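# Survey of secondary and tertiary structure
Here are the chains, one letter per residue:
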Amino acid sequence: MAGSRTKARKRALDVLFESELQSREVGATLDGRVAAGDPPVNPYTIELVEGVREHRDRIDVLLEEYAQGWSLERMPAVDRNLLRIGAYEVLYREDVPDAVAVSEAVNLAAELSTDDSPTFVRGLLSRLVEVKPTLSA
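Below you will find a few notes about this structure. (Residues numbered from 1 in each chain as written. Predicted model: local features only at pLDDT ≥ 70, side-chain atom pairs only at ≥ 80, totals over all residues. Heavy atoms only, no water.)

This brings us to the layout of surface pockets. Taken as a whole, the largest pocket holds about 170 Å³ of empty space. Lining the largest pocket are Leu16, Ser19, Glu20, Ser23, Arg24, Glu25, Val26, Val52, Arg53, Arg56, Asn81 and Arg84. Among the secondary structure elements, those contributing two or more residues to the lining of the largest pocket are helix H1 (2-21), helix H3 (43-66) and helix H4 (77-92). Tallied by class, the residues present in the lining of the largest pocket amount to 3 nonpolar, 3 polar and 6 charged. (1 Å grid on protein atoms, 1.4 Å probe; cavity = no way out; pocket = protein on both sides within 12 Å on 5 of 7 lines; lining within 4 Å. Points joined across faces, edges and corners; volume = space filled by probe spheres on them. Helix = DSSP H or I, 4+ residues; strand = E, 2+ residues; numbered from the N terminus. Nonpolar A, V, L, I, M, F, W, Y, C, P; charged D, E, K, R; others polar.)

Here's what the structure looks like:
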């Protein structure tokens, strides 16, 4: 099961990253991927993309608030979108343990982003996990 969710997270990152790169609505990119169906889009990918889209304003405010000296614009696009997925899972998914959400985001950062990204992603998502009990949805 973890393997399919890991792949789903990577696909969700692809969709979010592509949408941002092409200045397209996330929904349009996701719909295109689903319609193409090659490869088929995992239902969890759809849940992640839709969840990030639905909660993005709140997620972005929190990422800016806890990123200590980093604006969202300064972050590499891969990191920014990985953090959105990780924050969505930490804050809005009861079925994903916080440690799993953080670990998955860190692993994808190590695979796909800069040498400093895993540490940055771990630090910021871990901070969200710490403050989560004090946050209002």
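Moving on, we come to the pattern of salt bridges. On inspection of all chains with the given rule, the structure shows 15 salt bridges. One connected set of salt bridges, linked through shared partners, spans Glu20, Arg56, Asp60, Arg80 and Arg84. (Salt bridge = Lys/Arg side-chain N within 4 Å of Asp/Glu carboxyl O.)

Quick look at helix H5 (residues 98-112) now. Taking 1.5 Å of rise per residue, the 15 residues of H5 would be expected to cover 21 Å, and the 21 Å separating its terminal C-alpha atoms lies within 8% of that figure. Listing the buried residues of H5 in full gives Ala101, Val102, Glu104, Ala105, Val106, Leu108 and Ala109. (Expected span 1.5 Å × (residues − 1). Buried < 20%, exposed > 50% of the residue type's maximum accessible area, 1.4 Å probe, protein only.)

Below, the discussion takes up the nonpolar core. Counting 40 residues, the largest nonpolar core has Leu63, Leu83, Leu124, Leu125 and Leu128 as its most contacted members. Elements supplying a minimum of two residues to this core: H1, helix H2 (26-36), H3, H4, H5 and helix H6 (117-131). Excluding its chain neighbours within four sequence positions, the residues that come into contact with Leu124 are Leu63, Tyr66, Ala67, Met75 and Leu83. (Core = buried A, V, L, I, M, F, W, Y, C linked by side-chain atoms within 4.5 Å. Contact = heavy atoms within 4.5 Å.)

With respect to the helices and strands, the residue Glu104 is situated in helix H5. Side chain to side chain, Glu104 and Thr6 meet in a polar contact 2.9 Å long. Beyond its immediate stretch of four places on either side in the chain, Glu104 contacts Thr6 and Arg9. (Polar contact = N/O pair within 3.5 Å; in protein donor to acceptor, adjacent residues only side chain to side chain.)

Now for unusual backbone geometry. Of note, the amide linkage connecting Asp38 to Pro39 takes the cis form, showing an omega dihedral of 0°. In the Ramachandran plot, Ser23 falls in the positive-phi region, its phi being about 50° despite a non-glycine side chain. We classify Ser23 as exposed; its relative accessible area is 70%. A positive phi angle, near 40°, is found at Gln68, a position not held by glycine. Tracing the sequence through the fold places Gln68 in the loop between H3 and H4. Judged by relative accessible area, which is 69%, Gln68 ranks as exposed.

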